[in-house]
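What follows is each chain in one-letter form.
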Amino acid sequence: MRPIIGITSSYAPESDSQALPSAYVRAIESAGGLPFIIPAGIARELVDDVLNSIDGLLLSGGVDIDPQIFGEDPHQRLGTISPERDFIEIPLTEAALKRGLPLLAICRGIQVLNVAAGGTLIQDIPSQVPGAIKHRQEAPRWLGTHAVTIEAGSKVASLLGTTRLSVNTYHHQSVKEVAPGFRLSAEAPDGIIEAIESARADRFAVGVQWHPETMFERVPVFAGLFRGLAEAAATGRRDDQIDGARGVWPRAPGLPESSGG
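Residues numbered from 1 in each chain as written. Predicted model: local features only at pLDDT ≥ 70, side-chain atom pairs only at ≥ 80, totals over all residues. Heavy atoms only, no water.

### Side note on helix α1 (residues 22–30)
Okay, step 1: The complete set of buried residues in α1 reads A23, Y24, A27 and I28. Taken end-on, α1 shows its buried residues confined to a sector of 130 degrees, consistent with a single buried face.
Okay, step 2: Within two residues after α1, G32 carries a phi angle of roughly 100 degrees, on the positive side. (Buried < 20%, exposed > 50% of the residue type's maximum accessible area, 1.4 Å probe, protein only. Helix = DSSP H or I, 4+ residues; strand = E, 2+ residues; numbered from the N terminus. Arc of directions from axis to C-beta.)

### Section: the layout of surface pockets
Okay, step 1: Computed from the structure, the second largest pocket encloses a volume of approximately 230 Å³.
Okay, step 2: Residue lining of the second largest pocket: 17 residues in total, with Y24, G61, G62, R141 and H211 positioned closest to the centre.
Okay, step 3: Of the residues in the lining of the second largest pocket, the class split is seven nonpolar, eight polar and two charged. (1 Å grid on protein atoms, 1.4 Å probe; cavity = no way out; pocket = protein on both sides within 12 Å on 5 of 7 lines; lining within 4 Å. Points joined across faces, edges and corners; volume = space filled by probe spheres on them. Nonpolar A, V, L, I, M, F, W, Y, C, P; charged D, E, K, R; others polar.)

### Topic: the sheet that holds strand β4 (residues 34–38)
Okay, step 1: The nine strands lie next to each other as β4-β1-β5-β6-β13-β12-β11-β8-β9, forming an open sheet whose pairing is mixed. In this open sheet, the two strands that pair with only one neighbour each are β4 and β9 (164–167). Recorded for the sheet is a direction-independent mean angle of 25 degrees between the axes of neighbouring strands.
Okay, step 2: As defined by bridge partners, strand β5 (residues 56–59) adjoins strand β6 (residues 103–106) across three bridges and the pair is classed as parallel. Pairing of L57 across the sheet is with L103, part of β6.
Okay, step 3: Where helix α4 (residues 108–116) meets the sheet, its contacts fall on β5, β6, β11 (182–187), β12 (193–198) and β13 (205–208), and the angle it forms with β6 comes to roughly 120 degrees. (Pairing = 2+ DSSP bridges. Axes fitted to C-alpha atoms, helices over the stretch in contact; angles between N-to-C directions. Contact = heavy atoms within 4.5 Å.)

### Description of the pattern of salt bridges
Okay, step 1: Applying the stated criterion to the full structure yields eight salt bridges.
Okay, step 2: Between R99 and D48 there is a salt bridge, with its nearest N and O atoms 3.5 Å apart. Separated by 51 residues along the polypeptide, R99 in helix α3 (residues 83–99) and D48 in helix α2 (residues 47–52) bring together distant segments of the chain.
Okay, step 3: A residue is classified by how much of its surface remains accessible, and R99, at 40% relative accessible area, is partly exposed. (Salt bridge = Lys/Arg side-chain N within 4 Å of Asp/Glu carboxyl O.)

Written out as structure tokens, the structure reads:
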């Protein structure tokens, strides 16, 4: 059975609707996972139920994070925020990290991961980082437009099989102070942090600032991030099966026993 990967979604208040680009779904499917979309705005009390239902977590991209969460007032160039997403994604990430659930975070996701783990963000790169390169490209989404240098020996380098590559870029915020328990994994030429990962070798908690889900079909190296997540989730699932009662994966609360043959 494929490992179940929960993917966070965006919320559009004007239409009271959820949204998730299909590229995330394709990336997880191609890596051997089963996508499970997590709605924005659900009650915090459901965090444990959500995590009991999945084997891995993918934090998707989206709008800015409310800076009050990491102890700052809003910068003049702060963009749109989504309280509905912040309200569920921060505690969801905190709980996932506490459990050691395999986690991959993309664009906004790396920022959620860093803040949930106790780090901070640059609220607006163009006005706060002198000499910064362009981090909001106007090229096709599958095209890499700036280089990143990846730390040799890092999990990110292992997943991608390289220490330098070109990535796409669609952000004006980024990681500032890396959260305790995490390490810097990749940087842009201007010093902007492009990837972080858990400092624990036995944990899969990786965040990247670019969008590998829109690149992996044309540049296969990026598929390594999704394969790594799916493989870590599958390993965790097997370990829980071995440790669990009767050697079966624990069901979400309230689900009946299967009577099928």
